[in-house]
Protein chains: 2
Amino acid sequence: MDGTLPSGTVSNPEREYVHSHLHDLHADLDAWLRIPSISADPAHAGDVAASAAWLAEALRRTGFPVVEVWPTGGAPAVFAEWPSADPNAPTALVYGHHDVQPVDPLELWEHPPFEPTVVEGPDGPELHARGAIDDKGNVAFHLLGMRAHLAATGRDTPAVTVKLLVEGEEESGSPHFAALLRERRDRLACDVVVVSDTGMAAPDVPSAVTAMRGLADAEITLRGPAVDLHSGSFGGAVPNPLHAMASLLAGLHDERGRVTLPGFYEKVRPLGDRERELMSRVPFDEGAWLAGPAASRATAGEEGYSTLERVGARPTAEVNGMWGGYTGPGHKTIVPAEAHAKLTFRLVSDQRPEDVGPMVRAWVDANLPEGIVAEVHTPPGGVAPCASDLDSPHMGALLRAIAQAFDTGPDAVLFTREGGSGPEADLVEHLGAPLLFLGAGLPTDRIHSPNERVLLPMLHRGAEAAAHLWRELAG
Amino acid sequence: MDGTLPSGTVSNPEREYVHSHLHDLHADLDAWLRIPSISADPAHAGDVAASAAWLAEALRRTGFPVVEVWPTGGAPAVFAEWPSADPNAPTALVYGHHDVQPVDPLELWEHPPFEPTVVEGPDGPELHARGAIDDKGNVAFHLLGMRAHLAATGRDTPAVTVKLLVEGEEESGSPHFAALLRERRDRLACDVVVVSDTGMAAPDVPSAVTAMRGLADAEITLRGPAVDLHSGSFGGAVPNPLHAMASLLAGLHDERGRVTLPGFYEKVRPLGDRERELMSRVPFDEGAWLAGPAASRATAGEEGYSTLERVGARPTAEVNGMWGGYTGPGHKTIVPAEAHAKLTFRLVSDQRPEDVGPMVRAWVDANLPEGIVAEVHTPPGGVAPCASDLDSPHMGALLRAIAQAFDTGPDAVLFTREGGSGPEADLVEHLGAPLLFLGAGLPTDRIHSPNERVLLPMLHRGAEAAAHLWRELAG
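Given the structure is predicted, the values throughout are model-derived calculations rather than measurements.

What counts and how
Residues numbered from 1 in each chain as written. Chains lettered and ligands numbered in written order. Predicted model: local features only at pLDDT ≥ 70, side-chain atom pairs only at ≥ 80, totals over all residues. Heavy atoms only, no water. Pairing = 2+ DSSP bridges. Helix = DSSP H or I, 4+ residues; strand = E, 2+ residues; numbered from the N terminus. Axes fitted to C-alpha atoms, helices over the stretch in contact; angles between N-to-C directions. Contact = heavy atoms within 4.5 Å. Least-squares fit on C-alpha atoms with pLDDT ≥ 70 in both. pLDDT = per-residue confidence, 0-100. Polar contact = N/O pair within 3.5 Å; in protein donor to acceptor, adjacent residues only side chain to side chain. Buried < 20%, exposed > 50% of the residue type's maximum accessible area, 1.4 Å probe, protein only.

**Some words on the sheet that holds strand S14 (residues 373-377) of chain A**
Logical step 1: Taken together, the eight strands give an open sheet; going across it, the order is S14(A)-S9(A)-S13(A)-S11(A)-S11(B)-S13(B)-S9(B)-S14(B), and neighbouring strands pair in antiparallel fashion. One side of each edge strand has no neighbouring strand; the edge strands of this open sheet are S14 of chain A together with strand S14 (373-377) of chain B. Between one strand and the next, the sheet's axes are offset by a mean angle of 25 degrees, whatever the strand orientation.
Logical step 2: Bridge analysis of strand S9 (residues 214-223) of chain A against strand S13 (residues 338-347) of chain A gives 10 bridges, and the strand direction is antiparallel.

**Overview of the environment of Phe437(A)**
Residue and element names in this part refer to chain A.
Logical step 1: With respect to the helices and strands, the residue phenylalanine 437 is situated in strand S17 (residues 435-437).
Logical step 2: The sequence separation of phenylalanine 437 and aspartate 197 amounts to 240 residues, and the corresponding C-alpha distance is 7.7 Å.
Logical step 3: Excluding residues within four positions of it along the chain, phenylalanine 437 makes contact with Val195, Thr198, Val209, Thr210, Ala211, Met212, Cys386, Ser388, Leu398 and Glu424.

**Concerning the relation of the copies chain B and chain A**
Logical step 1: Note on the identical chains: chain B maps onto chain A by a rotation of 180 degrees and an axial translation of 0.2 Å, with an RMSD of 0.2 Å. Expressed as a symmetry operation, the mapping of one chain copy onto the other fits a two-fold axis.
Logical step 2: When the interface residues of chain B are mapped onto chain A, 100% of them again lie at the interface, so the same face is used by both copies.

**Overview of the confidence of the model for chain A**
Logical step 1: Predicted confidence across chain A gives a mean pLDDT of 94, with 98% of residues reaching 70 or more.
Logical step 2: If you check the scores for this complex, the pTM reads 0.89 and the ipTM reads 0.89.

**Quick notes on the side chain of Ser392(A)**
Logical step 1: Mapped onto the elements of the fold, Ser392(A) is located in the loop between strand S15 (386-387) and helix H13 (393-405).
Logical step 2: Looking at Ser392(A), its side chain comes within polar contact range of the main-chain nitrogen of Met395(A), at 3.1 Å.

**Some thoughts on the environment of His97(B)**
All names here are of chain B.
Logical step 1: Inspection of the secondary structure puts histidine 97 in strand S3 (residues 91-97).
Logical step 2: Residue classification places histidine 97 among the buried residues on the basis of a relative accessible area of 0%.
Logical step 3: Sequence-wise, histidine 97 and aspartate 197 are 100 residues apart; in three dimensions their C-alpha atoms are separated by 7.8 Å.
Logical step 4: Here histidine 97 is in contact with Asp134, Asp135, Lys136, Val139, Val166, Glu167, Glu170, Glu171 and Asp197, once residues within four sequence places are set aside.
Logical step 5: A distance of 3.0 Å separates the side chain of histidine 97 from the backbone oxygen of aspartate 99, its partner in a polar contact.
Logical step 6: A polar atom in the side chain of histidine 97 sits 3.3 Å from the side chain of glutamate 170.

Okay, structure coming up:
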């Protein structure tokens, strides 16, 4: 395995170290990716445990003086710590995960998902395997990054105390993660969290994720007649819950594409001019996105926002499922007794998932026709949104670290948003530390899909940026 | 078995004959109802054939000189003819069916469904059995009615030529009925059709059904993304077919409850003042209807029409089923690829079922958001609406016949509408004859449900009205 790196014009000992030790990174990843640590499949529980053990051993080999495998109610997490000798040094906690997504449909993979294979692509060599970027690649670059940091700065211990928490259930919804954070809060104490489970906008485009969205869900049941009625005898004269559901959901968005739940936007932090400007410079070929990953014929959404803003920076309401009445072959002439819908809401800071249920209930109650009763089920939990503070010194350090890995200045680092939701908000809530995001993925990496890959030059940049980051955070 | 009849103040030999021969009617019905002629269940095919044979024998016994069992592609029909000796007499064709609905759930029957049982009820003796009124009771009263007609008028042959066509597949959608009508058109030629498969508004309320509704159906599929998409990465930025389906169906009715398909009301014959006035006098306890058969919390529907008009005399659009996306437990954060809905339309004269498909297609096309494509499936067929000519001499004869059976004048006979749809329109189309409706059922007879019954005094009135009708049609 090999990759190419842009040549810098200034002295860059971190890059020199990374570039001369690529083999270590590639060999580590090759070994780790062969372990099918699919957390969603109980048959692979042993592999998830083996993945944790492999990582613990690799961290020890890297030099981390403290490495522990932490059991949870489910799959084990790996914790490591390398204290700085400087008593005033801040502490950074890297978050990642060592479990991977399932691989079906297997027949769509060009290479076996657990036999890592290098393929020469248009942007450089690619490593194909399940977990190549999500998230083993993103965790593995920290091993080389830490060694590059120490070598380049001539230190025995890092400039900041570095901790890692690499969980084993992220692809299964992190069911035991919050409990683990509560239980291990003291060991995990830190000044900043560095999430390494995301990526950048495009190859050769330095960028930083600044936020992830939260998630809340609701299920709505509407009831009309006590039983399905004959539409010839009753149709047109009693309320039909499917008609009521259609009208209700048709009113979920207004003509400007905004969610109509009263109060929904109240806690939304507006997008600042600087962030909008930096997001607008992210290269994004909407036609290619529609033809490719979005597999859609048109864009749609909230008026006044770009597609990248809609999927990353704005809250949404999405009907994920809807059903009621007769759905078999032919027809059945009924006025059905019930109609159902499942909705999820993506949230942005500072919306709270627990606020959504009462909003949905009030909105449904205000929009029910006579003769229809509603039941709204909003499970407890949900995921809070999270965001970096764009003006903090930590963010300044991150932007300088990324910029150096791309031979540019910090002002050239663009901002992106992650539209999905994960356990990152738990880190903020339980550890009380601000978030930074440093990942080497690309939107074209096919995470969760067949032929997942990582672009090796991006992975090398990740290692280098991590090395710079520990130095910059200490400064 | 026994029943009571109101005593008339004028001479009524038809009633006297019926009243003194009730035993024949009761005995016939008792025997016929013991044959479980469930056409929907192939295991009962032999019973349906036995039911046809029993009826043929009963018609011969009654005196019909021509009685034939006609095979079809499915269950057999029974044909009978008793020509009038008067060469100028018109011909009437009675339509009914000898098959019955299934009986599940059996445990809800108070008496075994095929062991006819007389129960004393608040309005007189009731005969409980599957088919008691739908439709064996309605057919059986014609046997006694014909004998009463002959005895009361002292004739050897009826005043009009009377034919009967009693099919065996009505409860299975009459799949071979139109073909039978085409094939036997010459034998079935007639001047008027008397449908005996309906009823009256209430006990002691003389009324005539004047129309039945037609039926057309459509299935709509909306497609958005080529595959289900992750709502975190794509939600809020591409069109969601469930949102599009909700908006589409929310617009199926306007704020006045009218169907919005362009042209839908163009061929609707407006309700005349006389018919509205006669319908408005039909006793109808809306509260009891809501609490009982309609099992609903409120009425709903087209502005400007009563509930009885809405279910009988106005066309409707009903969503019978709707589905799409994730419908299992928990949530799944997707923008689904597809959404589906099944719709049926009840039609009134002179709407045509074949017009509905193109209307639905045009309406869907005009209301699709960008990025959503639609497929509209409208199966061929459907059922045409049918209606009596309220001003015809035949209708005058029917009203006089019913009025005499209730000791009143023809102006006191109210009008009702049958909201359901059946093969009656085929009779109009293939035989070119106008329709009359004469049936002895009541809205409270629980047809198609457990504990189906007929109120015996209503059955006796049906026999008497039939006897009067043959005389009145000749006049």
